[in-house]
Structure formats: structure tokens, C-alpha cells
Amino acid sequence: MTNIPLQQLKSEYSNCTKCKELCNFRSQTIFGSGDLNASVLLIGEAPGKTEDEQGIPFCGASGKILQELLESINLTREEVFITNTILCRPPKNRNPKKDEIQNCNDRLFKTIQAINPKVIVTIGNFASKTILKKEAKPGITKIRGQVFQLQIEDQKYQVVPVVHPANLLYNGRNPVILEQMKKDFQVVIETTESND
Ligand code: SF4
């Protein structure tokens, strides 16, 4: 796998047609946003309706919670890079299919290599399973807030899985869950600082 510049990768995927159903449904591919040299790379699941309209990942209700979690560790959206497991919105916000995740996998791993972050944060089950494979099998609630390793070619990355912000919305912004999520983000910043 070659390490190619992020802008080149973005342009290659802007008109991608690998997933027939997705490219007929989407308004645009949502490549990602933030600092191209970020220490922290966040990977979510897939764009939703608001993201599809605005072209920015995590810009809806989940994005507001993500911002709050980042602020709890003194980071802004502009200081991290945010992308998704797949770049195109699935119809009716259904889960990404296996072949769609597979189709977008090469782009995801090239994005990791291009940014070369100190820590990768996988948000929710889909991103965690895509990056950590068997290690994520127990499910996000069992592995959240732990530090795992990902090796791509000769480079090792630290990976911290966290619960998806949508989970907090489904649970009526339960303050206990929010505190747990903030603790997991504390692991993210501690792991980043330990790699300085
Ligand atoms: S999800 Fe990824 S691989 Fe599939 S069409 Fe969109 S950009 Fe291409």
C-alpha cells in the first residue's frame, strides 16, 4: 500500500462508483474534515442525512455531542481529523453492508497512512470492527476506552474505541453515559500525550 497525499485521495474518491446503490443515492461523497496533520483521527460509521447535505462528517445532532466530548479534552474539531468507515450515505440511514465497507477499506487505510495520527478513535461498532477485526468482536460496550494496536505495513498505531454519540441521544442524554464517554475521551488524550 503506498502512502499518497490526502488531497489526491480525496479527489480520487470524489466521484467513486464502487458501491452502486450508494452512489445512486448519495448527494456527494463526504471525505472528511479537519487538520490533515492531526494527532487524533476519528472514524465514524457512515454519513447521515445532514452530512450528505452539508458535505461534512458529524455535523448533525451526533456531531454536537462529539464536539462536546472533544472540548472535554481541550480539542476542537479543527485540531482533529474526522472521517467515516464509508464515505457515502446509505439509503434510509441503514447500516453499511459488508461489501460497501470492503469497497471503502483501501481508502480508509490510505487515509490513516496519509494523516499518520498518534491515536485513532473508532466511533461505535462498525468503525471498531473494521479497524480492530476480531479484537472488536465482544462489542463496543465491552472494548470501549481500551487501547489497542493496529499495524499497517511497518507502522503501528494506537486505537481507542468509543461509544457512538448517537447512543447518548437514544438514551435521552443520560448523564451517566455522558460521563463514561468523557472518561473514554480522557483515555484518548492520555494516549496521545504519551506518544509525544
Ligand atoms: S462508500 Fe466508498 S467505496 Fe463506496 S461508493 Fe462511496 S466512496 Fe466509493
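None of the values given here were measured: they were computed from a predicted structure. (Residues numbered from 1 in each chain as written. Predicted model: local features only at pLDDT ≥ 70, side-chain atom pairs only at ≥ 80, totals over all residues. Heavy atoms only, no water.)

### Topic: the pairing of strand E6 (residues 155–162)
Most of E6 is tucked away, with six of its eight residues classed as buried. Taken together, the five bridges between strand E4 (residues 119–123) and E6 define a ladder with parallel strand orientation. Considered in E6, the bridge of Ile 120 is made with Val 159. Bridge count for strand E5 (residues 148–152) against E6 is five bridges, and the pairing is antiparallel. Among the inter-strand pairings, Ile 152 is bridged to a residue of E6, identified as Gln 155. (Buried < 20%, exposed > 50% of the residue type's maximum accessible area, 1.4 Å probe, protein only. Helix = DSSP H or I, 4+ residues; strand = E, 2+ residues; numbered from the N terminus. Pairing = 2+ DSSP bridges.)

### Description of the side chain of Ser 128
Position of Ser 128 among the secondary structure elements: in helix H6 (residues 124–132). Those residues in contact with Ser 128, other than ones at most four positions away along the chain, are Thr 122, Lys 133, Ala 136, Ile 140, Ile 143 and Pro 161. (Contact = heavy atoms within 4.5 Å.)

### Side note on unusual backbone geometry
Phi at Asn 93 takes a positive value of approximately 55 degrees, unusual for a residue other than glycine. Its location among the elements puts Asn 93 in the loop between strand E3 (81–84) and helix H5 (98–115). If you check the backbone angles, Asn 116 has positive phi at about 50 degrees while not being a glycine. Looking at the element boundaries, Asn 116 is found in the loop between H5 and E4.

### Looking at the sheet that holds E4
The six strands are arranged E1-E3-E2-E4-E6-E5 in an open sheet whose pairing can be described as mixed. Strands with a single pairing partner mark the edges of an open sheet, and in this sheet they are strand E1 (33–34) and E5. Contacts from helix H9 (residues 175–194) reach strand E2 (40–44), E4 and E6 within the one sheet, and its direction differs from that of E6 by about 165 degrees. (Axes fitted to C-alpha atoms, helices over the stretch in contact; angles between N-to-C directions.)

### Focus on the environment of Gly 32
Along the chain, Gly 32 turns up in the loop between helix H2 (20–25) and E1. Distance in space between the C-alpha atoms of Gly 32 and Asp 106 is 15 Å, their sequence separation being 74 residues. With sequence-adjacent residues up to four places away left out, Gly 32 is seen in contact with Pro 57, Phe 81, Ile 82 and Thr 83.

### Points about the pairing of E2
Along a regular strand, successive side chains alternate from one face of the sheet to the other. In terms of burial, E2 is largely enclosed, as five of its five residues are buried. Every second residue of E2 is oriented toward a common face, with Val 40, Leu 42 and Gly 44 on one face and Leu 41 and Ile 43 on the other, all of them buried. Note that E2 and E4 share four bridges and pair parallel. Within E4, the residue paired with Val 40 across the bridge is Val 119. With four bridges joining them, E2 and E3 adopt parallel strand pairing. Paired with Leu 41 across the two strands is Phe 81, which belongs to E3.

Everything listed here is a matter of geometry and, on its own, says nothing about what the molecule does.
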